[in-house]
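In case you want the letters, here they are:
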Amino acid sequence: MQQIAAAGDSRALEDVRVGALGKKGSIAELLKTLGGMTPEQRKTQGPLFNGLRDRAADAIAARKRELEGEALEARLMTERVDVTLPAPEAAEGSVHPVSHVRDELIAIFADLDFKVAEGPDVETDEYNFSKLNIPPEHPARQMHDTFYLKPQSDSTRTLLRTHTSPVQVRTMLAQKPPIRIIAPGRTYRRDYDATHSPMFHQVEGLVVDSETHLGHLKWILEEFCKAYFELPAIGMRLRPSYFPFTEPSVEVDIQCDRSGGQIRFGEGRDWMEIAGAGMVHPRVLEMCGVDPEYYHGFAFGFGIDRLAMLKYGIPDLRPFFESDLRWLRHYGFAALDIAALHESLSQ
Ligand code: PHE
């Protein structure tokens, strides 16, 4: 009790807790001696030791609350704001177009009942490739221009994920269908020109359920494009394509008009590719613990930066990540411009 009272911060308190209640703590050791006692001894010592443990745990919890209260108090004292100061003339800073577009995507897909899933930027070879039906010698690996990290001591190979598709794997391994997620995030490839940057952003979509087909995929993509480009209707076509992790695979084009040096969506006779998609390959389902006899899924992937460029007329990708304040002031969004469906998304 003295040690608990004397612990001056949460770290010191944690040390006391481990010393008493941790695996090798003094009270834990006492509890272990119960095993070697006669039933008679245990009857008297058991409640004593357990009582001791409970009292210690309660006292630690109480001290923890006290310390947290003190820490908050101290923070409130130092972070005081002088509300009598004049307000700045113009709001400083802006929301980056990628952040804004990501918020728009989340708002649209949330309305379609999707949840947001996440995965790490540093992935294993296994999740980025193998479990997506891209075995070690598969030619698709070359196309990904992967940044590899130094091999770890146990020789597992890690890399900067080349797409958000490993989040499909993580999600299927972690939860049972029905699954309905999007996974926005950073992705990396060795590539650099006006429309490619070594770090870029994708949003992955994954739906797995007992009755899921290509028609559902197309409907979701159409709903998304109409909402995102804020159009009442937009022509869409699916072209046959190839991804190792989907079968069939498609590339998704939307209708546009390129005349007059400008791109307008929802009209004209041109097409613009905006996504890769397909039905999740049965082998992928299987490798991720989902029974392909019962379940079908579809997946899609968009480039977030590209979506931002198309909607907001930004011609070059490179300045996205150069932190030039003039660019950010021009293309950024005001902090209170919250992307929401009940208002115009981009207002
Ligand atoms: N991961 C693919 C890419 O980066 C896109 C994709 C996602 C294709 C999901 C199909 C399904 O190119």
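These notes cover the structure that comes with them.

Some points on the overall build of the protein
Working step 1: The helix and strand tally for the protein stands at twelve helices and ten strands.
Working step 2: Relative to its length of 347 residues, the protein is extended, with a C-alpha radius of gyration of 28 Å against a globular reference of 20 Å.
Working step 3: Dimensions along the principal axes, computed over C-alpha positions, put the protein at roughly 90 × 65 × 40 Å.
Working step 4: In the protein, which comprises 347 residues, the share counted as buried stands at 39%.
Working step 5: Long-range pairs, those at least 24 residues apart, make up 63% of the contacts in the protein with a sequence separation of at least 6.
Working step 6: Carbon and sulfur atoms make up 54% of the accessible area of the protein, which totals about 20,100 Å².
Working step 7: Distance between charge centroids for the protein: 5 Å, based on 40 positive and 51 negative side chains.

Section: unusual backbone geometry
Working step 1: Omega for the bond connecting P177 with P178 falls within 30 degrees of zero, at 0 degrees, which places this linkage in the cis form.
Working step 2: Following the sequence through the fold, P178 ends up in the loop between α8 (166–174) and β4 (179–188).
Working step 3: Looking along the chain, the bond that leaves E247 and enters P248 is cis, with omega of -5 degrees.
Working step 4: Mapped onto the secondary structure, P248 falls in strand β7 (residues 246–257).

Conventions used here
- Residues numbered from 1 in each chain as written.
- Predicted model: local features only at pLDDT ≥ 70, side-chain atom pairs only at ≥ 80, totals over all residues.
- Heavy atoms only, no water.
- Helix = DSSP H or I, 4+ residues; strand = E, 2+ residues; numbered from the N terminus.
- Rg over C-alpha atoms; globule rule 2.2 N^0.38 Å.
- Buried < 20%, exposed > 50% of the residue type's maximum accessible area, 1.4 Å probe, protein only.
- Contact = heavy atoms within 4.5 Å.
- Areas by Shrake-Rupley, 256 points an atom, 1.4 Å probe, with all protein chains shown as cover.
- Lys, Arg positive; Asp, Glu negative; His and termini not counted.
- Charge placed at Lys NZ, Arg CZ, Asp CG, Glu CD.

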